[in-house]
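Tertiary structure, described
The primary structure of each chain is shown beneath.
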Amino acid sequence: MTEQESPADTAGRIALEHMFACLDEGRSFRLEAGAGAGKTYSLEKALCWLIDQRGTELLRQRQQVGCITYTNVAKDEIISRIHAHPAVRPETIHGFCWSVLQDFQTALRELVPNLPGWADRLEKTGGIGARRIHYELGYAGVTDEQVTLRHEDVLMLMIQALSLPKFRRVLAARYPVLLIDEYQDTDAAFVDALKMWFLDPGEGPLIGLFGDHWQKIYGQGCGLVEHAALEIIDKNANFRSVDAIVQVLNRMRPALPQMVSDPEAPGEARVFHTNNWTGVRRTGHGGGHWTGDTTPEAARAYFQYVKARLTDEGWDFSVEKTKILMLSHSVLAREQGYASIPPIYGQYNDPWLKREDPHIKFLSDHLEPAFAAFEAQCYGEMFECFGASMPRIRRHQDKVAWSETMNELIALRQTGSIGDMIDFIAAQPHMSLPAAVEEREEKLAEVGAEPVEGESRRVTQLRKLRAVPYTELIALDRFIDGHTPFATKHGVKGAEFENVLVIIGRGWNKYNFAQTLEWIDVGPPANKQEFFENNRNLFYVACSRPKVRLALLFTQILSANAMGKITQWFGTDNVIALPAEP
């Protein structure tokens, strides 16, 4: 180590040298970069190395490095870092797949009718015929000239097309190197197809995976990717957090120890628990996912107590300095302003929390960003939010119609219900709803406005959701994006903050962090492996966000085994029992 090089710099340099050797010698690899290790920096260095070493040759042979990103934001970041060099094609997974699929129109016309939902849709229009298969951000549809695919269709088509030898040859010829960012969140079936058709036979592009399987916190990802053909590169660095926090992370995850930039930098990592609370703990309902927690009132009181104590000790709780992560639904959910929505789904949190309900997804991921773009006069961005199926402005009357409609909707979002918003959009000749939303609306219309015995759960949920004030949808959107690591648009997974306070309790049917702590050493039951990993990963992600100060507040009771594990990780002096009454 040179005099100027920090421990983290040394660990990072060793990992990069290993990666460059793999790229130089044509060996596929998986670079495992824990929280704060600089995963994006490693990906950037790989791309710059490929540009320097092979850029001219790639362009001469009309080839590119394929770089699959998880989001459009990440794609734009990579384009900026490599100065949009033409030898690299950064794309989301859907954009990458379509870059090859679009040239196989004959094969697509054979495959599309067999995709879920397409047989009925095409039958109504006389079959697929000679229509061109098209994909653009937006919603599925059929016109006289073309068929427009959905996101999920593109991935399914890609997986099927990879079984065609000619398709694989074209893909490998066009992209001799394929790098995948956030590999752990990549569709599992797509990764399995890459293994089967490229890694197993040792053919096709060099594949480089960048990510961290302990940071897989979304349900559909593949998680850890293992294959004999993948060389493993551990990046044992942490450029984000001070040593006090990194030591906790290292005890939590001894298989990937990290070195810090400045071992002497001050900071802290502490745990506050409520085991001494004298009240009656909750026993749960439904699946029992409240069991062991304090009452909501006590949880809020303990939160205020800890916040006041940390403030007295010098914590700055301004938005710029401190992030409060809610791994408990009981603490502040009532004050967030969306009280009517969770009960609609009962113990099924996923449809609203992860925006898997088509209505919530459309309103939260498309309509709300469209409002923000409209008010910022970013009209191109507004149309991108709505998707490709919306007609563009071609004349002055179109502009007037869109402007009037958006202003009316913005007013309605403060006074109307979710149903009012949906109905208003459906009535506009220049606007349309996603196919999934229309299908749900049609099923509800078939049943009628009043509940009937034996109707499906989804119909009942939609009827209740339509009656909710739209202001609650706005509040829900802000809560998901601003206060938990579950966000799908602006989550904290890749973010960092000076200070982080994590409130950990019950209320999510898929999470029980105290239980997870008990399983760390002995392992979970065979049927609880996915549950365990989801809990462990989310806990790790939350604890690895801060740069300087970390504090955890457990409102759920900790067993002796769970307390033992927390004490082992954080140290006896840093585990603090809160008073019996806050």
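The model shown is predicted, which means the values in this text are computed figures rather than measured ones.

Thresholds, definitions, all that
Residues numbered from 1 in each chain as written. Predicted model: local features only at pLDDT ≥ 70, side-chain atom pairs only at ≥ 80, totals over all residues. Heavy atoms only, no water. Helix = DSSP H or I, 4+ residues; strand = E, 2+ residues; numbered from the N terminus. Contact = heavy atoms within 4.5 Å. Polar contact = N/O pair within 3.5 Å; in protein donor to acceptor, adjacent residues only side chain to side chain. Pairing = 2+ DSSP bridges. Axes fitted to C-alpha atoms, helices over the stretch in contact; angles between N-to-C directions. Phe/Tyr/Trp six-rings, centres within 6.5 Å; stacked < 30°, edge-to-face > 60°. Buried < 20%, exposed > 50% of the residue type's maximum accessible area, 1.4 Å probe, protein only. Lys NZ or Arg CZ within 6 Å of the ring centre and 35° of its normal. Core = buried A, V, L, I, M, F, W, Y, C linked by side-chain atoms within 4.5 Å. Parallel < 35°, antiparallel > 145°, perpendicular 65-115°, else oblique. Left-handed = near helix turned anticlockwise from the far one by under 90°. Nonpolar A, V, L, I, M, F, W, Y, C, P; charged D, E, K, R; others polar. Disulfide = S-S within 2.5 Å.

Within the secondary structure, T322 is located in strand β13 (residues 322-327). With 227 residues separating them in the primary sequence, T322 and R549 have C-alpha atoms 9.1 Å apart. Setting aside residues up to four positions removed in sequence, T322 forms contacts with W315, D316, F317 and N499. A polar side-chain atom of T322 sits 3.1 Å from a polar atom in the side chain of N499.

So, about the sheet that holds strand β9 (residues 231-235). Overall, parallel pairing links the six strands, which are arranged β3-β2-β7-β8-β1-β9 in an open sheet. Each end of this open sheet is capped by a strand with a single partner; those strands are β3 (88-92) and β9. For this sheet the average axis-to-axis angle between neighbouring strands, irrespective of direction, equals 15°. Note that strand β1 (residues 29-33) and β9 share five bridges and pair parallel. Each residue of the ladder has a partner; that of A33, found in β9, is K235. Sheet contacts for helix α1 (residues 7-25): β1, β8 (206-211) and β9; angle to β9, the most-contacted strand, approximately 155°.

Here we come to unusual backbone geometry. Of note, A84 is a non-glycine position whose phi angle comes to about 55°, a positive value. With respect to the helices and strands, the residue A84 is situated in the loop between α3 (72-81) and β3. For E182, which is not glycine, the phi dihedral falls at a positive 50°. Along the polypeptide, E182 turns up in the loop between β7 (177-181) and α9 (188-199).

Turning next to the packing of aromatic side chains. With the rule as written, the count across this model stands at 12 aromatic pairs. Taken together, a centroid distance of 5.0 Å and an interplanar angle of 80° make the contact between F383 and W402 edge-to-face. Of this pair, F383 sits in helix α16 (residues 379-386) while W402 sits in helix α17 (residues 396-415); the two residues are 19 residues apart in sequence, bridging distant segments of the chain. By relative accessible area, which is 6% here, F383 ends up buried. W402 gets classed as buried once you look at its relative accessible area, which sits at 3%. What links up through ring pairs into an aromatic cluster is the set Y511, F513, F539 and W569. The residue whose ring lies beneath R253 is Y540, and the NZ or CZ to ring-centre distance is 5.3 Å. Across the ring face of F531, the terminal group of K528 is positioned such that the distance to the ring centre comes to 5.2 Å.

This paragraph deals with the nonpolar core. Counting residues in hydrophobic clusters, the biggest one holds 42 residues, and the most contacted among them are L101, V112, L149, F167 and F190. Counting residues per element, the ones that place at least two in this core are α4 (93-101), α5 (105-111), α6 (118-123), α7 (151-161), α8 (165-174), β7, α9 and β8. Not counting residues up to four positions away in its chain, the partners in contact with F190 are I68, I93, C97, L155, M158, I159 and I180.

This brings us to the sheet that holds β13. Pairing in this open sheet of five strands is parallel, and the strands run β13-β14-β15-β12-β16 from one edge to the other. Of all strands in the sheet, those with a lone pairing partner are β13 and β16 (575-577), marking the two edges. Going across the sheet, the axis of each strand differs from the next one's by a mean of 20°, ignoring polarity. In this structure, strand β14 (residues 497-504) lies alongside strand β15 (residues 546-554), joined through seven bridges in parallel fashion. In the strand pairing of β15, N499 is matched with R549. Along the sheet, helix α23 (residues 529-543) makes contact with β13, β14 and β15, crossing β15 at roughly 130°. Sheet strands in contact with helix α24 (residues 560-570) are β12 (268-273), β15 and β16, and its direction is about 160° off that of β12.

On to the side chain of N499. By the element assignment, N499 lies in strand β14. Judged by its relative accessible area of 0%, N499 is buried. Filtering out sequence-adjacent residues up to four positions away, N499 remains in contact with W315, D316, K321, T322, K323, P546, V548 and R549.

Across the interface, α17 lies against helix α18 (residues 418-426) with an axial gap of 10 Å and an inter-helix angle of 170°. Considering the angle they form, α17 stands roughly antiparallel to α18. Viewed along their axes, α17 and α18 form a crossing whose handedness is right-handed. On α18, the residues touching T405, E408, L409, L412 and R413 of α17 are D420, M421, F424 and I425. Per-class residue counts for the contact of α17 with α18 are five nonpolar, one polar and three charged.

On to the state of the cysteines. Each disulfide consists of a covalent bond between the sulfur atoms of two cysteine residues. Summed over the entire model, instances satisfying the criterion amount to zero disulfides. C22 takes part in no disulfide bond, and the closest cysteine sulfur to it belongs to C67, at a distance of 17 Å. On the basis of relative accessibility, which here comes to 0%, the residue C22 falls in the buried class.

Attention now goes to the packing of α4 against α8. The N-to-C vectors of α4 and α8 enclose an angle of 115°; their axes lie 10 Å apart at closest approach. Put simply, α4 runs roughly perpendicular to α8. For the element pair α4 and α8, the recorded crossing hand is right-handed. Between α4 and α8, the contacting residues are F96, S99, V100 and L101 on the first element and F167, V170, L171 and R174 on the second.

Honestly, that's just the spatial picture; any functional story needs more than this.
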